[in-house]
Amino acid sequence: MDLPLLEKTLAASDQPRFRARQVWAWTARGATSFQEMTDLPASLRETLQRELPFSSLTLRDEARAADGTVKALFATADGRPLEAVLMRYRDGRRSICVSSQSGCPLTCTFCATGQMKFARNLTASEIIDQALHFRRLESAPQGVTNCVFMGMGEPMLNLDNVLGACERLPDLGIGHRHTAISTVGWIPGIERLTEQDMPLRLALSLHAADDALRSELMPVNERYPLDDVIEACRAFYARKRRRVFVEYVMLKGVNDRYEQALALARALARKREGETSIFKVNLIPYNPTGSPYEGSMRASIAAFRDALLANEIPATIRLTRGQDIDAACGQLAARAT
Ligand code: SAH
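Residues numbered from 1 in each chain as written. Predicted model: local features only at pLDDT ≥ 70, side-chain atom pairs only at ≥ 80, totals over all residues. Heavy atoms only, no water.

Considering the overall build of the protein
Threshold: Helix numbering and strand numbering both begin at the N terminus, where a helix is a DSSP run of H or I of at least 4 residues and a strand a DSSP run of E of at least 2. Only the C-alpha atoms count toward the radius of gyration. The rule for a globule is 2.2 Å times the residue count to the power 0.38. For every residue, the accessible area (1.4 Å probe, protein chains only) is compared with the maximum for its type, and the residue is labelled buried under 20%, exposed over 50%, or partly exposed between those bounds. Residues are treated as being in contact if the distance between any of their heavy atoms lies within 4.5 Å. Counted as positive: Lys and Arg. Counted as negative: Asp and Glu. His and the chain ends are not counted at all. Taken as the charge centre is NZ of Lys, CZ of Arg, CG of Asp or CD of Glu, depending on the residue.
Each helix and strand in the protein was counted, giving 11 helices and 12 strands. Taking 20 Å as the expected radius of gyration for a compact globule of 337 residues, we find that the protein reaches 21 Å, a close match to that expectation. Expressed as lengths along the three principal axes of its C-alpha atoms, the size of the protein is roughly 70 × 40 × 40 Å. Relative to its 337 residues, the protein shows a buried fraction of 55%. A fraction of 66% describes how many contacts in the protein between residues 6 or more apart in sequence connect residues 24 or more apart. Side chains of the protein give 43 positive and 40 negative charges; the mean places of these two sets differ by 4 Å.

Here you go:
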């Protein structure tokens, strides 16, 4: 829902100020139309229905995976494509993965989004509308519980709108502690996230512990090299006391050797004996995107994890969800429809 436009429409029809809050409360709880908002005067419901699109996004396509994952393809009002994913877990968690941009201006060589054309930043309303879409699908009993900015785009390049959307997520039942912003390591963004008050989580896409290889995989590393990025994450932890997640996509024969696990453990090591670890590594099995890379074997991923654990770096292997519908990490590459 375009919230600035809602306020304007209400003001133009001389409505009291609390109406915007009323409409938003219904919407955030999963209402599917203005008609359901029974404490609004009927005439106002009609006006809103006539003048205000219920969502700033149009659903173009939806795919459902065998594991319960749902991927939605949307178009903005100006026809820009984007995708978002809902993941359902056995323990009851419902996690959404949302996009911050249509396409991505960065060119990580292994990521499908990096191969599509960059269109533009999404507005805060367009980000929130992805979450609302899944909130409507998942109304009972607990709604959506977690949100990650791991869809298309680099959230730190659109941080005002991302933070604007984050301010609204608790109304949908998604607390800030259950919201994570993932970045390639855009330092000015990490610094801003450190300074602001919401207790949001930070995830860093690292993928290689040496500069030469990281620059090859992620050209942005030329601008913000590894040591500086890790330092910015340490400063985030010092201020927020919130552990930083490190994402590391496992590429066969590229970044999955034992020595590379040791180098990663050294890069993330505690500064003092006995400290708890600032970082937790998520090893991501590579999902095919048509790039020349291949995913590491399961056994090499497990060995890599064990090497990290042996060096006191917490590490887990991420469960791949929705791969059969191209909804898994790095597979979001909507084409304009
Ligand atoms: N631009 C931000 C937000 C996107 S997050 C960032 O890079 O952090 C998407 C995550 O999926 C990133 O960690 C990315 O590196 C990872 N990823 C990209 N392509 C992938 C693929 N093909 N398989 C698995 N993970 C991938």
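Next comes the rest of the write-up.
Comments concerning the site of the ligand
Just so we agree on the cut-off: Proximity is defined per residue: if any heavy atom of the residue lies within 4 Å of a molecule or strand, that residue is considered near it. Think of a polar contact as two N or O atoms within 3.5 Å of one another; within protein, one of them needs to be a possible hydrogen donor and the other a possible acceptor, and neighboring residues in sequence only count if both atoms come from side chains. Asp, Glu, Lys and Arg are counted as charged, while Ala, Val, Leu, Ile, Met, Phe, Trp, Tyr, Cys and Pro are counted as nonpolar; the rest, among them Gly, fall into the polar class.
Close to the ligand lie 22 residues; S182, S205, H207, Y286 and N287 are nearest. H207 is positioned with one of its side-chain polar atoms (N or O) 2.6 Å from an oxygen atom of the ligand. Within the backbone of N287, a nitrogen or oxygen atom sits 2.8 Å from a nitrogen atom of the ligand. At the level of secondary structure, the elements contributing two or more residues to the shell around the ligand comprise strand 8 (179–183), strand 10 (244–250) and strand 11 (279–285). Considering only residue class, the shell around the ligand consists of 11 nonpolar, nine polar and two charged.

Details of the sheet that holds strand 2 (residues 70–76)
Our working definition: Pairing between strands is defined by DSSP: at least two bridges between them are needed. Axis lines are fitted to C-alpha atoms, over the contacting stretch for helices. Their N-to-C directions set the angle, which ranges from 0 to 180 degrees.
As summarised here, the arrangement of the 10 strands in space is 1-2-3-4-7-8-9-10-11-12, forming an open sheet in which the pairing is mixed. Pairing within the sheet leaves two strands with one partner each, and these edge strands are strand 1 (57–64) and strand 12 (315–317). The sheet shows a mean angle of 20° between the axes of neighbouring strands, direction not considered.

Points about helix 3 (residues 42–51)
Worth spelling out the cut-off: The directions from the helix axis to the C-beta atoms form the arc being described.
Along helix 3, the residues that are buried comprise L44, R45, T47 and L48. The buried residues of helix 3 occupy an angular sector of 160° when the element is viewed end-on, so they sit on one face. When the buried face of helix 3 is taken as reference, the exposed residues oriented beyond 90 degrees from it are S43 and R50. The secondary structure elements touched by the buried residues of helix 3 are helix 1 (3–12) and helix 2 (18–28).

As for the packing of aromatic side chains
Here is the rule: Planes of paired rings set the category: under 30 degrees apart is stacked, over 60 is edge-to-face and the rest tilted, where pairs are Phe, Tyr or Trp rings (Trp by its six-membered ring) whose centres lie within 6.5 Å. Geometrically, a lysine NZ or arginine CZ counts as sitting over a ring once it is within 6 Å of the ring centre and also within 35 degrees of the ring normal.
In total, this model carries four aromatic pairs according to the counting rule given. Ring geometry for F34 versus F54: centroids 5.1 Å apart, planes at 85°, classification edge-to-face. Of this pair, F34 sits in the loop between helix 2 and helix 3 while F54 sits in the loop between helix 3 and strand 1, and the two are 20 residues apart along the sequence. An identical accessibility class is assigned to F34 and F54; each is buried. The side chain of R93 reaches across the aromatic face of Y89, ending 4.4 Å from its centre. In this arrangement the basic side chain of R168 is found over the ring face of W24, its NZ or CZ atom lying 5.0 Å from the centre.

Remarks on the domain arrangement of the protein
Stated precisely, the cut-off is as follows: Domain extents, as shown, originate in an automatic or database domain assignment. One side-chain nitrogen of Lys or Arg within 4 Å of one carboxyl oxygen of Asp or Glu is enough to make a salt bridge.
Assigned domains within the protein: domain 1 (1–54) and domain 2 (55–336). Here domain 1 and domain 2 have C-alpha centroids that lie 33 Å from each other. Across the boundary between the two partners, domain 1 contributes 13 residues, which contact 11 residues of domain 2. Taken together, the connections running from domain 1 to domain 2 amount to zero salt bridges.

Focus on the pattern of salt bridges
Here the structure, examined in full by the defined rule, presents 17 salt bridges. R64 is paired through a salt bridge with E62; the nearest N and O atoms lie 3.3 Å apart. Residues D91 and R93 are paired through a salt bridge, measuring 3.3 Å at the closest nitrogen-oxygen approach. Its relative accessible area of 57% is what places D91 among the exposed residues.

Brief notes about a negative patch on the surface
Applied cut-off: Residues forming no salt bridge and having over 30% relative accessible area are the ones grouped into patches, like charges within 9 Å of each other and nonpolar side chains (Val, Leu, Ile, Met, Phe, Trp, Tyr) within 5 Å. Residue exposure ignores everything except the shown protein chains as possible cover, and the areas themselves are Shrake-Rupley values with a 1.4 Å probe.
Taken together, the side chains of D210, D211, E222, D227 and D228 present a region of like negative charge at the surface. When you line up the elements, D228 lands in helix 9 (residues 226–240).

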